[in-house]
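One-letter residues, chain by chain:
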Amino acid sequence: MDITQESCRNFISVLSSSAPAPGGGGAAALVGSLGTALGGMVASLTVGKKKYADVESEILEVKAKCDRLQAHLLDQVQADESGFLPLIEAFQIPKTNPQRSHIIDIATEQACTVPMQIMELCCESIECIEVLAEKGSRLAISDAGCAAVICKAALQSASLNVFVNTKTMANRSVADDLNRQVSLMLNKYCPMADDIFETVLKNCT
């Protein structure tokens, strides 16, 4: 079942239950999609306005990118469940099975794939929001700030779903490489989102 086809209330109900998925990864993907959609709204409120005619072509490109990112992030909700469930199954393998540790390690590495994708998509979204906060409609400036904060939260949330898995991986070379990639994204895009928020805050107060 694709949980994103459910109502918001049903999604929240399942999320708060003991069901193994959706969890932090799926929630991060959904939140990232919401933040990106909010960025798209800022773009929609900008195009067609005479005041922003000189940046309209750029804003239209950003809007199209936000639409794509929003859809991709929403797809990751179900993808995260598909990527995580094999790890749960791996832990259920009897400890007497000599292949158990190897299977768990492979499943753990696979469980990192979707959270990494969520992070990459959120980074792209923050780049779009930076443009919208600078050049989008001033009437929607607060929404651009909200979008940045929301996408930053999704980025950080997804990172935890990588770190919690790399911590237990037997293949430390792969784990270290994943941790490095995650840290690079956090170190670049969290400050970028913070800068957007601070700039918007100054314009709102």
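Keep in mind that what you see is a predicted model, and the values were worked out from it rather than measured.

### Focus: the packing of helix α5 (residues 113–135) against helix α7 (residues 172–204)
Where α5 meets α7, the closest approach of the two axes is 10 Å, and the angle between their N-to-C directions is 25°. By the angle between their axes, α5 is roughly parallel relative to α7. Helix-helix and strand crossings are classified by hand; for α5 and α7 the assignment is left-handed. Contacts between α5 and α7 involve M116, M119, E120, C123, I126, E127, I129, E130 and A133 from the former and L178, Q181, V182, M185, L186, K188, Y189, M192, A193, I196 and V200 from the latter. Of the residues in the contact of α5 with α7, the class split is 15 nonpolar, 1 polar and 4 charged.

### A word on the layout of surface pockets
Of the pockets and cavities examined, the largest pocket occupies roughly 160 Å³. Together, I3, T4, E6, S7, C8, F11, I12, L30, L34 and L74 line the largest pocket. Elements with a contribution of two residues or more to the lining of the largest pocket: α1 (8–15) and α2 (24–44). Ranked by the residues each element gives to the lining of the largest pocket, the list is headed by α1, at 3 residues. Grouping the amino acids of the lining of the largest pocket by side-chain chemistry returns 7 nonpolar, 2 polar and 1 charged.

### Description of the side chain of K152
Note that K152 resides in helix α6 (residues 141–166). Engagement of the side chain of K152 in a polar contact is seen with the side chain of D194, the distance being 2.7 Å.

### Side note on the nonpolar core
I118, M119, I126, L132, L155 and I196 are the most contacted members of the largest nonpolar core, which totals 50 residues. Of all the secondary structure elements, the ones that give two or more residues to this core are α2, α3 (56–91), α5, α6 and α7. When residues of this core are assigned to their parent elements, the largest contribution, 12 residues, is made by α5. Among all residues touching L155, those that are not within four sequence positions of it are M119, C122, C123, I126, M185, L186, Y189 and C190. Counting residues in hydrophobic clusters, the runner-up holds 5 residues, among them L87, A90, I104 and A111.

### Comments concerning the environment of E120
Relative to the assigned elements, E120 resides in helix α5. A residue is classified by how much of its surface remains accessible, and E120, at 34% relative accessible area, is partly exposed.

### Focus on a negative patch on the surface
Together, E127, E130, E134, D195 and E198 make up a negatively charged patch on the protein surface. Breaking the negative patch down by element, the ones donating at least two residues are α5 and α7. A per-element tally of the negative patch places α5 first, with 3 residues. Looking at where E127 falls in the secondary structure, it is placed in helix α5. For E127, a relative accessible area of 31% gives the class partly exposed.

### Things to note about the confidence of the model for the protein chain
The share of residues in the protein chain with pLDDT of 70 or more is 100%, and the mean pLDDT across the chain is 94. Looking over the protein chain, one finds the lowest element-wise mean pLDDT in α1, namely 90, and the highest in α5, namely 98.

### Observations regarding the pattern of salt bridges
Pairing between side chains of opposite charge can happen when the charged atoms of each approach one another. Taken as a whole, this structure holds 5 salt bridges when the rule is applied. Between K135 and E58 there is a salt bridge, and its shortest N-O distance comes to 2.8 Å. Of this pair, K135 sits in helix α5 while E58 sits in helix α3, and the two are 77 residues apart along the sequence. According to the relative accessible area criterion, K135 is partly exposed, its value standing at 26%. Residue classification places E58 among the partly exposed residues on the basis of a relative accessible area of 28%. Residue K63 pairs with D67 through a salt bridge whose shortest N-O separation is 2.9 Å. Linking K63 with D67, this pair stays in helix α3, spanning 4 residues, or about one helical turn.

How each quantity is defined
Starting from 1, residues in each chain are numbered consecutively following that chain's sequence as written. Selection of residues for local features in this predicted model requires a pLDDT of at least 70, selection of side-chain atom pairs for listing and counting requires 80 or more, and totals for whole chains, interfaces and linings are taken over all residues. Just so you know, side-chain values use all the structure's heavy atoms and leave hydrogens and water out. Between N-to-C directions, angles cover 0 to 180 degrees, with each direction set by a line fitted to C-alpha atoms, over the stretch in contact for helices. Secondary structure elements are defined from DSSP: runs of H or I of at least 4 residues count as helices, runs of E of at least 2 residues count as strands, and each element is numbered from the N terminus. Any angle that falls under 35 degrees is termed roughly parallel, while one over 145 is termed roughly antiparallel, one within 65 to 115 roughly perpendicular, and all others oblique. It is the rotation of the near helix from the far one that decides the hand of a crossing: anticlockwise by less than a right angle makes it left-handed, clockwise makes it right-handed. Pairs of residues are marked as contacts when any of their non-hydrogen atoms sit within 4.5 Å. Put simply, Ala, Val, Leu, Ile, Met, Phe, Trp, Tyr, Cys and Pro go in the nonpolar bin, Asp, Glu, Lys and Arg in the charged bin, and everything else, Gly too, in the polar bin. Buriedness for pockets is judged along seven lines, at least five of which must meet protein on both sides within 12 Å for an open set on the 1 Å grid over protein atoms alone, while cavities are sets there where a 1.4 Å probe fits but cannot get out, and lining residues have an atom within 4 Å of a point. Grid points are joined across faces, edges and corners, and a volume is the space filled by probe spheres set on the points. Two N or O atoms count as a polar contact when they lie within 3.5 Å, although within protein this holds only if one can serve as hydrogen donor and the other as acceptor, and sequence-adjacent residues are included solely when both atoms are side-chain atoms. By nonpolar core is meant a set of buried Ala, Val, Leu, Ile, Met, Phe, Trp, Tyr and Cys residues that side-chain atoms within 4.5 Å join together. Throughout this description, buried means an accessible area under 20% of the type-specific maximum (1.4 Å probe, protein chains only), exposed means over 50%, and partly exposed covers the range between. Residues enter a patch when their relative accessible area is above 30% and they make no salt bridge; the linking distance is 9 Å between like charges and 5 Å between nonpolar side chains (Val, Leu, Ile, Met, Phe, Trp, Tyr). Areas reported here follow the Shrake-Rupley algorithm with a probe of radius 1.4 Å; residue values treat only the protein chains shown as occluding. Here a salt bridge means any side-chain nitrogen of Lys or Arg lying within 4 Å of a carboxyl oxygen belonging to Asp or Glu. Under the counting rule used here, the positive set is Lys and Arg, the negative set is Asp and Glu, and His together with the chain ends is not counted. A single reference atom marks each charge: NZ on Lys, CZ on Arg, CG on Asp, CD on Glu. What pLDDT conveys is the predictor's confidence in a given residue, as a value from 0 to 100.

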